[in-house]
Amino acid sequence: MSQEYINDLKEALGLKTLPSFFPDIYKRKLEDGTLFDDTYATEEYIKGLNDKYGLFNEKYLGCILSSAEKMRERCDLIAFMNIVSEGFSDKETYLERVKEITMPAEPDEEADFMFLFAILPLVESQYKGYLEHDLPDEIIKASLNRYQWGIQLEEMRTGKPAFDFLAFRWCLRFAHGRILRIEQLEFEMVTDSKYNMIALENKTTGEIKILADNVRVHPSGMIVGAAGFEDDGEADNGNRVEKVCETEFDYIGCAANKMGRYEAKPTSFLKSEWRKIYSPGDHYVSVHIPRNSKIDDANRHMSYDAAKALFAKLYPEFHPVMMHGSTWIFDPKIEEILGDKSNLVGFKHDFSCYPVASSGTEVIRFVFFGKYSSPEEYPEDTRLRREVKAYLLAGNRIHAYGGVCRFGDAFVPEND
């Protein structure tokens, strides 16, 4: 039954491929009798967690319980839930494993909350981790609220409450204690960074420069692989591999300019004038803007300061110097549309930007936030939506860019 059933499971769920970890977990759970255990989708289990941690309001709890009742009648969904639940319980492997799952655009209705039931068993350890770090109650509450917020976002997007794979993927980072909601922003503690760049800070002015390192750069200054800047396979297409050369006296590399693109020629940055604040492998903070948060200058910097103080006091093992963002907001076209008085543009101005391998579609989910069969259907009820829609319909793209700013101790100029 094993391989045949796994193939049937794949087909029933509309999966293109089965994640590599599925067969081993399937076999183990089949042998120990837990493959079809529906505990995580029972009313008793869900209500018990909700009573203890206050995860859902009455409206959404009712939707969840109704969905759970339907799902318990589907042994394939229960099996999938249990495999996923175990497969993503390890904080050392979940980030890599989550890349292996590609869910269909329209999963079965009975699976509306399947990923929620798979992640709920992690709430206990998530809460325990918060207590071990002595986190304030308001941060615990805001971070646990991310499960309900995932349901609300899907309801806003489609008109129906659900907890989809994107919500699951994001909430995993909360469940494993990687992201915290602090004031108006979400801050992610990254200790396994792999960005292909180094960041330098001027010792006198605090200016930040980002240098391309071990990455292929398009003649335009964008990253090869970003949408519209793919490798055409020609030997002499102008693409080049950029690496930072570090000597006893300087760093030499191609720096990102004010438009967020890498320059064609390398520049020397003297170590007497510049210090390195990030290279691949260093700790850093990744910042995210939750929908409907307040990001005016006062609230933004209040959030930064609160996060700096909290990490320094309660996470001494985490020692970031850099804060990083990656978002469509950093595309120069957004500033052109909104002007420099916009809060989104104000957020961009906190960072020094550089190109990343963007799909060019990130803006669509965040700006238009709905289900549309074609770009012509995108709403035009705000200036941002009108201008972005027109820009995309004209055949252009809005890319995500990376951005860097100082996060650790406040900048202190070095004296000569």
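Quick note: structure is the one above.
The paragraphs below set out a description of the structure included in this document. If you're wondering where the values come from, they're calculated on a predicted model, not measured in any experiment.

What counts and what doesn't
Residues numbered from 1 in each chain as written. Predicted model: local features only at pLDDT ≥ 70, side-chain atom pairs only at ≥ 80, totals over all residues. Heavy atoms only, no water. Helix = DSSP H or I, 4+ residues; strand = E, 2+ residues; numbered from the N terminus. Buried < 20%, exposed > 50% of the residue type's maximum accessible area, 1.4 Å probe, protein only. Core = buried A, V, L, I, M, F, W, Y, C linked by side-chain atoms within 4.5 Å. Contact = heavy atoms within 4.5 Å. Axes fitted to C-alpha atoms, helices over the stretch in contact; angles between N-to-C directions. Parallel < 35°, antiparallel > 145°, perpendicular 65-115°, else oblique. Left-handed = near helix turned anticlockwise from the far one by under 90°. Nonpolar A, V, L, I, M, F, W, Y, C, P; charged D, E, K, R; others polar.

Located in the positive-phi region is N214, a residue other than glycine, with phi close to 55 degrees. Positionally, N214 belongs in the loop between strand 4 (208-212) and strand 5 (215-217). Taking relative accessible area as the criterion, N214 reaches 44% and is therefore assigned partly exposed. Within the chain, N292 stands out as a residue other than glycine whose phi angle is a positive 75 degrees. For N292, the location among the structural elements is in the loop between strand 11 (284-288) and helix 12 (297-314).

What follows is about the nonpolar core. Counting residues in hydrophobic clusters, the biggest one holds 96 residues, and the most contacted among them are Y147, F163 and F311. Looking at this core element by element, the count peaks at seven residues for helix 5 (residues 75-87). Apart from the residues lying within four places of it in its own chain, the contact partners of F163 are D112, F113, F115, L116, I119, Y147, G150, I151, F168 and C171. M197, I208, Y262 and Y354 belong to the second-largest nonpolar core, a separate cluster that totals 18 residues.

This paragraph deals with the packing of helix 10 (residues 146-158) against helix 11 (residues 165-175). At a minimum axis distance of 10 Å, the contact between helix 10 and helix 11 shows a crossing angle of 165 degrees. The angle between helix 10 and helix 11 falls in the class roughly antiparallel. The interaxial crossing formed by helix 10 with helix 11 has right-handed handedness. Across the interface between the two elements, R146, Y147 and G150 of helix 10 pack against A167, W170, C171, F174 and A175 of helix 11. Here the residues of the contact of helix 10 with helix 11 sort into six nonpolar, one polar and one charged.

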